[in-house]
Amino acid sequence: MKDTHKHQGLRNQLVKTLEEKGITDKNVLNAIANIPRHLFMDSGFVDFAYQDKAFPIAADQTISQPYTVAFQTELLEVKANDTILEIGTGSGYQTAVLIEMGAKVYTIERQKELFKKTSLFLPKIGYKPKKMIFGDGYKGLAENAPFDGIIVTAGAPFVPKPLLSQLKIGGRLVIPIGDDIQTMTLFIRTSEKDFEKHELGKFRFVPMLKKRN
Ligand code: SAH
């Protein structure tokens, strides 16, 4: 499948919707304007790719709603060349947004099926993460730490300690915390031992699960 003028038009509409909902980071909006989201979805849902909605992907998972992707990415305050760890690769759409913004991205997925599919797909359309890992995001990625930012794209029952300890001083962790409904939570590491915590509204994610599958 290709990217056409029609798709570009629909993307511009989507960007407008996101601006109306309060997203202001131009780099986030540009990334969303550039990435062909319809290529990340199963063929049955392609017509819905530019609606501001989450949709099913393989292995009972979802591609996050564009607003949620934009909101989380804006909170990360991504700058070119930042090193970012993503937990929950899924379709790879959030990964592509981070790469489009110039970040070096490490991404972890616990579902084998999605890991395989997305590892092949992302480079094919020109988005190359630094590393894609089939593993358990609760542990983070000590060997490549510390990170400027860490983003968790599944609902976490609590904050995994390793993720806090793998942040640079000044680094940001964006993580939805809760069981059925999650509170978007931002931690900023202000010193070796200290973290600022901000709570930023309610969202609904698929659950962050333990171990690989
Ligand atoms: N960022 C994705 C969102 C996918 S939904 C996108 O834009 O499409 C969340 C993803 O987190 C799912 O693919 C799920 O399998 C994965 N996940 C859940 N628990 C995990 C864990 N402990 N470690 C890594 N990935 C996990």
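Above this note sits the structure.
My aim in this report is to walk through the structure given alongside it, one point at a time. Here the residue numbering is sequential within each chain, running from 1 through the sequence in written order. For this predicted model, a pLDDT threshold of at least 70 governs which residues receive local features, and a threshold of 80 or more governs which side-chain atom pairs are given and counted, while totals over whole chains, interfaces and linings are taken from all residues. For the side-chain quantities, the full set of heavy atoms in the structure was used; hydrogens and water were omitted.

### Observations regarding the overall build of the protein chain
Looking only at helices and strands, the protein chain features 6 helices and 9 strands. Whereas a compact globule of 213 residues would reach a radius of gyration of roughly 17 Å, the protein chain reaches 16 Å, a difference of no more than 12%. Taken over the C-alpha atoms alone, the protein chain extends approximately 50 × 35 × 35 Å along its principal axes. Summarising the internal contacts of the protein chain: among those between residues at least 6 apart in sequence, 51% fall at separations of at least 24. Throughout, the Shrake-Rupley method with a 1.4 Å probe supplies accessible areas, and for residues the shown protein chains are the sole cover considered. When the accessible surface of the protein chain is summed, it comes to about 10,200 Å², and 51% of that surface belongs to carbon and sulfur atoms. For the protein chain, the distance from the average site of its 30 positive side-chain charges to the average site of its 24 negative ones is 5 Å. Here a strand is any run of E in DSSP of at least two residues, a helix any run of H or I of at least four, and the numbering for each starts at the N terminus. Atoms counted for the radius of gyration: C-alpha only. Globule rule: 2.2 Å times residue count to the power 0.38. Two residues form a contact once any of their heavy atoms are found within 4.5 Å. Charge convention: Lys and Arg are scored as positive, Asp and Glu as negative, and His as well as the terminal groups of each chain are ignored. To locate a charge, take atom NZ for lysine, CZ for arginine, CG for aspartate or CD for glutamate.

### Considering helix α5 (residues 112-124)
Look at α5: 19 Å from first C-alpha to last across 13 residues, which is about the 18 Å you get at 1.5 Å a residue. Its buried side turned inward, α5 meets α4 (93-100), β4 (104-109) and β5 (131-134). Directly beyond the C-terminal end of α5, a positive phi value near 95° is found at Gly126. Multiply 1.5 Å by the residue count of a helix minus one, and that product is the helix's expected span.

### Focus: unusual backbone geometry
Negative phi values dominate among residues other than glycine, just as trans dominates among peptide bonds. Cis geometry marks the peptide bond from Ala145 to Pro146; its omega dihedral reads 0°. Structurally, Pro146 can be placed in the loop between β5 and β6 (147-152). In this model, Asp60 sits at a positive phi of 60°, which is unusual for a non-glycine residue. Looking at the secondary structure, you find Asp60 in the loop between β1 (55-56) and β2 (62-63).

### Structural notes on the site of the ligand
Proximity is defined per residue: if any heavy atom of the residue lies within 4 Å of a molecule or strand, that residue is considered near it. Surveying the vicinity of the ligand reveals 27 residues, the closest of which are Gly88, Ser91, Glu109, Gly137 and Leu209. Between a nitrogen atom of the ligand and a side-chain N or O atom of Glu86, the distance comes to 3.2 Å. Within the backbone of Leu209, one N or O atom sits 2.6 Å away from a nitrogen atom of the ligand. Taken by itself the ligand offers 580 Å² of open surface, and the protein chains cover 99% of this. We call two N or O atoms a polar contact when they sit within 3.5 Å, provided that within protein one can donate a hydrogen and the other can accept it, with sequence-adjacent residues counted only if both atoms are side-chain atoms.

### Points about the pairing of β5
As judged from the 4 bridges shared by β4 and β5, these two strands associate in the parallel manner. Looking at β5, one finds that Tyr106 is bridged to Lys131. You can see the chain leave β4, run along α5 and come back into β5, and the turn it takes is right-handed. At least two DSSP bridges between two strands are needed for those strands to be called paired. Orient the strands so they point away from the viewer; a crossover is then right-handed if the path from the first strand over the helix to the second runs clockwise.

### Details of the layout of surface pockets
The rule is simple: put a 1 Å grid over the protein atoms alone, call a set of points where a 1.4 Å probe fits but cannot get out a cavity, call an open set with protein on both sides within 12 Å along at least five of seven lines a pocket, and count a residue as lining if it has an atom within 4 Å of a point. Grid points are joined across faces, edges and corners, and a volume is the space filled by probe spheres set on the points. Empty space within the largest pocket amounts to approximately 550 Å³. Taken together, 37 residues line the largest pocket, and the ones lying closest to its centre are Thr62, Ser64, Thr153, Ala154 and Val206. Breaking the lining of the largest pocket down by element, the ones donating at least two residues are β2, α3 (66-76), β3 (83-87), α4 and β4. In terms of residue count, the dominant contributor to the lining of the largest pocket is α3 (4 residues). Lys, Arg, Asp and Glu make up the charged group, whereas Ala, Val, Leu, Ile, Met, Phe, Trp, Tyr, Cys and Pro make up the nonpolar group; the residues left over, Gly among them, are polar. Here the lining of the largest pocket is composed, by residue class, of 16 nonpolar, 16 polar and 5 charged.

### Description of the sheet that holds strand β8 (residues 182-189)
The mixed open sheet is built from 7 strands, whose spatial order is β5-β4-β3-β6-β7-β8-β9. Looking at strand neighbours, the two that pair on one side only are β5 and β9 (195-203), the edges of this open sheet. Taken pair by pair, the neighbouring strands of this sheet meet at an average axis angle of 15°, ignoring direction. By the bridge criterion, 5 bridges tie β3 to β4 in an arrangement that is parallel. Each residue of the ladder has a partner; that of Glu86, found in β4, is Thr107. Each axis is a line fitted through C-alpha atoms, and for a helix only the stretch in contact is used; angles between axes span 0 to 180 degrees, taken between their N-to-C directions. Here α3 sits on the sheet in contact with β3, β6, β7 (167-177), β8 and β9, set at roughly 155° to β7. Running over the sheet, α4 touches β3, β4 and β6 and is turned about 170° from β4.

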